[in-house]
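Next come the chains, spelled out residue by residue.
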2 protein chains.
Amino acid sequence: MIIVYDVSVDRVSKVCYYLRRYLNWVQNSVFEGNITDKQWAEIQHGLKELTKDAEDSVRLYSFRTQDAVTVSTIGQEKGDTCTII
Amino acid sequence: MIIVYDVSVDRVSKVCYYLRRYLNWVQNSVFEGNITDKQWAEIQHGLKELTKDAEDSVRLYSFRTQDAVTVSTIGQEKGDTCTII
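A brief structural summary. (Residues numbered from 1 in each chain as written. Chains lettered and ligands numbered in written order. Predicted model: local features only at pLDDT ≥ 70, side-chain atom pairs only at ≥ 80, totals over all residues.)

Our next topic: the relation of the copies chain A and chain B. If you rotate chain A by 180 degrees and push it 0.0 Å along the axis, it lands on chain B with an RMSD of 0.0 Å. Accordingly, the operation relating the two chain copies is best matched by a two-fold axis. Nearest to the rotation axis, the C-alpha of A:Ala68 is located 3.0 Å from it, this being the minimum over chain A. Comparing interface residues between copies, 100% of those in chain A also lie at the interface in chain B; the contact surface is shared. (Least-squares fit on C-alpha atoms with pLDDT ≥ 70 in both. Contact = placed C-beta atoms within 7 Å.)

Across the boundary between the two partners, chain A contributes 31 residues, which contact 31 residues of chain B. Those elements that place two or more of their residues in the side of chain A that touches chain B are β1 (2–6), β2 (24–27), α2 (37–50), β4 (57–62) and β5 (70–75) of chain A. Here the side of chain A that touches chain B is composed, by residue class, of 13 nonpolar, twelve polar and six charged. For β4(A) and strand β5 (residues 70–75) of chain B, the ladder comprises six bridges, and the chain directions are antiparallel. Bridge pairing links A:Val58 to B:Ile74 in β5(B). (Helix = DSSP H or I, 4+ residues; strand = E, 2+ residues; numbered from the N terminus. Nonpolar A, V, L, I, M, F, W, Y, C, P; charged D, E, K, R; others polar. Pairing = 2+ DSSP bridges.)

All names here are of chain B. Taken across its five residues, strand β1 (residues 2–6) has five buried, putting it largely inside the fold. Across three bridges, the pairing between β1 and strand β3 (residues 30–32) is antiparallel. Note on β3: the bridge partner recorded for isoleucine 3 is phenylalanine 31. (Buried ≥ 20, exposed ≤ 12 C-beta atoms within 10 Å, placed from the backbone.)

Pairing within the open sheet is antiparallel, and its five strands lie in the order β2(A)-β3(A)-β1(A)-β4(A)-β5(B). The strands lining the two open edges of the sheet, one partner per strand, are β2 of chain A together with β5 of chain B. Between one strand axis and the next, the sheet turns through 25 degrees on average, direction left out of account. For β1(A) and β4(A), the ladder comprises five bridges, and the chain directions are antiparallel. Pairing of A:Asp6 across the sheet is with A:Ser57, part of β4(A). (Axes fitted to C-alpha atoms, helices over the stretch in contact; angles between N-to-C directions.)

Moving on to the sheet that holds β1(B). One open sheet holds the five strands; their spatial order is β5(A)-β4(B)-β1(B)-β3(B)-β2(B), and the pairing between them is antiparallel. Each having just a single partner strand, β5 of chain A together with β2 (24–27) of chain B make up the two edges of the open sheet. Averaged over all adjacent pairs, the angle separating strand axes in this sheet is 20 degrees, with direction ignored.

Turning our attention to the pairing of β2(B). Residue and element names in this part refer to chain B. For β2 and β3, the ladder comprises three bridges, and the chain directions are antiparallel. Bridge pairing links tryptophan 25 to phenylalanine 31 in β3. Turn length for the β2-β3 hairpin, with the two strands adjacent in sequence and antiparallel, is two residues, and the turn residue serine 29 shows positive phi of about 65 degrees.

So this is what it looks like as C-alpha cells:
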C-alpha cells in the first residue's frame, strides 16, 4: 500500500513516526509497504486518532498484489527518516 | 496513475501547474488521474526537464486498470489548486 498525508505541522512528526512502525518512508509525507489486513485496520484506526478531520488529509491506496503497480522515480531516492519536528 | 513529488520550493509551483494539465490535484504534492501511454511518456519527459535530479524526488505509480487500486481518505478531501507560489 501507499499512504500520503497532508497534515498540520503540529502533527506531521507524530504521523511520520507512527507510520514508520508499519511502512517504509520513501519521500516527504509518503510511505509504502506490504501489510496484512489486520495492520491495515490498525493503521486506519491509528491515523484517525492522530489526525484532525477538519484540517488534515490522509490518502490510502491499497493493492491486492505488488505487481498491480509499477513504481518509478525521477531524481533522488530518499532515505528513511522523519526529519520534521 | 499517482504522482507524488518532493521538490525544492523554487520549483514546486511549476511542477504543480505542469501536472495539472494531465492529472487531478488531490492533496499537497499529490496528483491522480487516468492517462494514455503517450501522456505518460510526455509527463516523464516534462518532469525531468522541470526538476533537478540532485535535489528533487518524484515518484510515479502506474496501474493498468483503475480497479487494481482501492483509495480511501481520512479527513479532508482537498480541492483542486496549486497554492504554493
